[in-house]
Amino acid sequence: MVKPIEIVILAAGVGSRMRSEKPKVLQTLGGVPLISHLLETAQDLNPVKIHLVVGRHASDIKNRIGDRIDINWVIQEKPKGTGNALAQVVPHLFLESRLLVLLGDAPLVKRETMEALLSENSDLVVLTTKVSNPTGYGRIVREEGKLSEIVEEKDTSSSQRLINEINTGVMAINSAKVGAWVNKITDDNTQKEHLLTDMVKIACKEKALVSSIEVSDSSEVQGVNTFSQLANMERVLQKNKAEKLMETGVQIMDPTRIDIRGTLIAGKGVVLDINCIFEGKVVLGDNVKIGPNCVISDSRLDSGSVLKANSVAEGAEIGKNCSVGPFARLRPGALLGDDVSIGNFVEVKKSIFGVGAKASHLAYVGDSEVGAGANIGAGTITCNYDGANKSKTKIGKNAFIGSNSSLVAPVSVGDEATVGAGSTITKDVKDGELAVERSSQRNVSGWMRPNKKD
Ligand code: UD1
Ligand code: CA
């Protein structure tokens with residue numbers, strides 16, 4: 001019978017190298033906390049238990065992760081080292097399991113890599129990798145090719161410091177032996193901490209089966225100790241996401257200049273220009289084009305629509321063949337029907353636009369319903385807020401709102417109705433009517449401009 005899998009994630013460190021109040025595992029990577037990436041992969045392995053070791057930030061982490069995932073929360077009172085962290089889990093372990101130990105700050109380890117480690121027939125398997133700059137990592141020391149010891153940076157001799165094979169921190173351990181081994185770890189080292197890495201030496205001394213697996217792409221196993229490393233890892237994650245999208249036929253103008261901080265689902269023929277940020281869940285239909293410098297959160301664009309340069313869409317639903325931007329802002333509840341056109345410097349909030357309606361320049365449309373084919377002129381404002389309450393504006397089908405009009409809500413303009421430019425509309429306008437509210441024009445003939453005085 002195959003033994004069940006148990007996973008331990010060590011996340012009780014203080015993350016001192018970031019000098020941040022926020023616990024390291026809650027720093028965001030791809031728009032979600034570091035630890036969430038690891039928890040997601042860990043869950044894919046269907047473990048019987050995930051033990052998460054946390055320290056003084058326990059409640060922050062619990063609040064952020066919530067109870068979506070079944071976790072055994074284990075508290076390490078003081079961060080006395082990774083060996084001490086694992087020791088806290090031992091009383092919670094099943095005796096007959098395959099135990100995988102992960103570091104909360106190395107979140108990109110792939111499922112296949114974890115599986116390879118778990119299927120190795122050893123008492124202790126260490127995941128290693130080779131890097132060009134091993135500074136800061138534990139070095140893999142071998143005797144006659146066999147793993148014999150891991151030496152932490154601060155304890156290395158000058159020759160060991162040159163070793164470029166490093167400990168990724170990921171290990172699979174025979175759960176029947178882990179308790180005894182953890183007890184043998186001492187703090188006899190420069191950091192005066194209980195180092196989990198000492199387990200290798202301890203296991204080797206007992207002639208237990210100790211082995212290692214080397215992962216060739218070291219970007220997968222990078223650890224995050226500093227903001228610089230976090231930024232590098234963000235690029236690795238984004239590159240992976242971009243590659244996956246391009247494999248499905250999405251054209252990304254520059255995969256080094258895209259940020260997907262959530263999920264992006266894109267159809268065929270989609271083109272994404274540079275410097276766009278996608279947050280939450282974004283769904284793009286076939287042939288959608290996103291211009292440069294757009295920020296899109298929790299929004300949907302149906303097939304054939306275009307979001308032009310420097311536009312922002314948040315909680316918006318955009319129908320087919322719409323044109324939005326450049327410099328447009330769609331706020332939550334902006335629901336555009338098909339063939340709608342929203343131009344530059346137009347802000348839309350909680351408003352429905354019927355098929356083919358247009359607001360081509362400089363307008364604010366909030367808490368409104370705009371009928372199909374209506375045209376909203378430049379400078380139109382729906383005055384939806386009286387300082388205390390919000391009210392609705394209704395604009396009928398094929399209505400025409402002249403430039404620089406204020407529609408003081410609650411108010412409605414009927415189907416086919418026209419509002420003359422510069423009007424302040426406070427009374428409802430019936431279907432087909434023309435409403436003009438402005439003083440009549442006076443032309444003064446023979447008018448002399450003032451002359452400059454001496
Ligand atoms: C660790 C490894 C090092 C390896 C590197 C890979 C040890 C002793 N060193 O070093 O060999 O090359 O990871 O990235 O294991 N933690 C606790 N409790 C503690 C201390 C740490 O839970 O008392 C957690 C941290 O939250 C972190 C993880 O363990 O998620 C690793 O700790 P960290 O201090 O970052 O270890 P490194 O110095 O990076
Ligand atoms: Ca680390």
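Residues numbered from 1 in each chain as written. Chains lettered and ligands numbered in written order. Predicted model: local features only at pLDDT ≥ 70, side-chain atom pairs only at ≥ 80, totals over all residues. Heavy atoms only, no water.

S.K.: Residue-level account of the domain arrangement of the chain, with values.
M.R.: Domain boundaries in the chain define domain 1 (5–221) and domain 2 (243–435). Using only C-alpha atoms to locate each centre, domain 1 and domain 2 end up separated by 49 Å. (Domains from an automatic or database assignment.)

S.K.: Any details on the side chain of Gln238? Residues and values, ideally.
M.R.: By the secondary structure assignment, Gln238 is in helix H7 (residues 227–247). Judged by its relative accessible area of 0%, Gln238 falls in the buried class. Here Ile260 takes part through its backbone nitrogen, which lies 2.8 Å from a polar atom of the side chain of Gln238. Those residues within four positions of Gln238 in sequence are excluded, and the remaining contacts are Gly30, Ile258, Asp259 and Ile260. (Helix = DSSP H or I, 4+ residues; strand = E, 2+ residues; numbered from the N terminus. Buried < 20%, exposed > 50% of the residue type's maximum accessible area, 1.4 Å probe, protein only. Polar contact = N/O pair within 3.5 Å; in protein donor to acceptor, adjacent residues only side chain to side chain. Contact = heavy atoms within 4.5 Å.)

S.K.: Residues and numbers for the packing of helix H5 (residues 175–183) against helix H6 (residues 198–205), please.
M.R.: Where H5 meets H6, the axes come as close as 10 Å, and the angle between the chain directions of the two elements is 110°. As summarised for this structure, H5 and H6 are arranged roughly perpendicular, according to the angle between their axes. Between H5 and H6, the contacting residues are Val178, Trp181 and Val182 on the first element and Met199, Ile202 and Ala203 on the second. Residues that form the contact of H5 with H6 fall into these classes: six nonpolar, no polar and no charged. (Axes fitted to C-alpha atoms, helices over the stretch in contact; angles between N-to-C directions. Parallel < 35°, antiparallel > 145°, perpendicular 65-115°, else oblique. Nonpolar A, V, L, I, M, F, W, Y, C, P; charged D, E, K, R; others polar.)

S.K.: Explain a nonpolar patch on the surface residue by residue, including any values.
M.R.: A cluster of nonpolar side chains, contributed by Phe327, Phe345 and Leu362, occupies part of the molecular surface with about 310 Å² of accessible area. Its location among the elements puts Phe327 in the loop between strand E22 (323–324) and strand E23 (329–330). (Patch = residues over 30% accessible without salt bridge, like charges linked within 9 Å, V, L, I, M, F, W, Y side chains within 5 Å. Areas by Shrake-Rupley, 256 points an atom, 1.4 Å probe, with all protein chains shown as cover. Salt bridge = Lys/Arg side-chain N within 4 Å of Asp/Glu carboxyl O.)

S.K.: Any details on the site of ligand 1? Residues and values, ideally.
M.R.: If you check the shell around ligand 1, you find 23 residues, and the closest are Gly13, Gln76, Gly81, Glu152 and Asn167. In this structure, a nitrogen atom belonging to ligand 1 sits 2.7 Å away from a side-chain N or O atom of Gln76. Within the backbone of Gly81, an N or O atom sits 2.7 Å from an oxygen atom of ligand 1. Expressed as a share of its isolated accessible area of 760 Å², the protein-covered part of ligand 1 is 91%. Of all elements in the fold, only strand E1 (5–11), helix H3 (82–89) and strand E10 (165–174) reach the threshold of two or more residues within the shell around ligand 1. Residue composition of the shell around ligand 1, grouped by class: eight nonpolar, 10 polar and five charged. (Near = heavy atom within 4 Å.)

S.K.: Break down the coordination of the calcium ion (ligand 2) for me, with residues and values.
M.R.: Reference values for coordination geometry: four tetrahedral donors around a metal ideally subtend 109.5 degrees, six octahedral donors ideally subtend 90 or 180 degrees. Protein-derived ligands of the calcium ion (ligand 2) are Asp105 (OD) and Asn225 (OD1), with the metal-ligand distances lying across 2.2 to 2.4 Å. Residue Asp105 is located in the loop between strand E6 (98–103) and helix H4 (111–118), and its partner Asn225 is located in the loop between strand E11 (210–214) and H7; the two are separated by 120 residues in the primary sequence. For the residue pair Asp105 and Asn225, the accessibility class agrees, reading buried in each case. (Donors = N, O, S within 2.8 Å, 3.2 Å for Na, K, Ca; no water.)

S.K.: Let's hear about the packing of aromatic side chains: which residues, and what values?
M.R.: One pass over the full model with this rule turns up one aromatic pair. Over the ring of Tyr385 we find Lys390; its NZ or CZ atom is 5.3 Å from the centre of that ring. (Phe/Tyr/Trp six-rings, centres within 6.5 Å; stacked < 30°, edge-to-face > 60°. Lys NZ or Arg CZ within 6 Å of the ring centre and 35° of its normal.)

S.K.: Would you mind going over the pairing of strand E25 (residues 341–349) in detail, with residue names and values included?
M.R.: Two elements, E22 and E25, share two bridges in a ladder whose sense is parallel. Residue Val324 lies in a different strand from E25, and its bridge partner there is Ile342. Bridging between E25 and strand E27 (residues 358–366) involves seven bridges; their strand directions are parallel. Residue pairing for E27: Ile342 is matched across the bridge by Ala359. (Pairing = 2+ DSSP bridges.)

S.K.: Residue-level account of the pattern of salt bridges, with values.
M.R.: Pairing is possible between side chains of opposite charge, provided their charged atoms come close. Enumeration according to the criterion identifies 14 salt bridges in this entry. A salt bridge links Lys184 to Glu206, with the nearest nitrogen and oxygen atoms 2.6 Å apart. Here Lys184, found in the loop between H5 and H6, pairs with Glu206, found in the loop between H6 and E11; they are 22 residues apart in sequence, far enough to count as distant. One network of salt bridges, in which partners are shared, links Arg300, Asp302 and Glu317.

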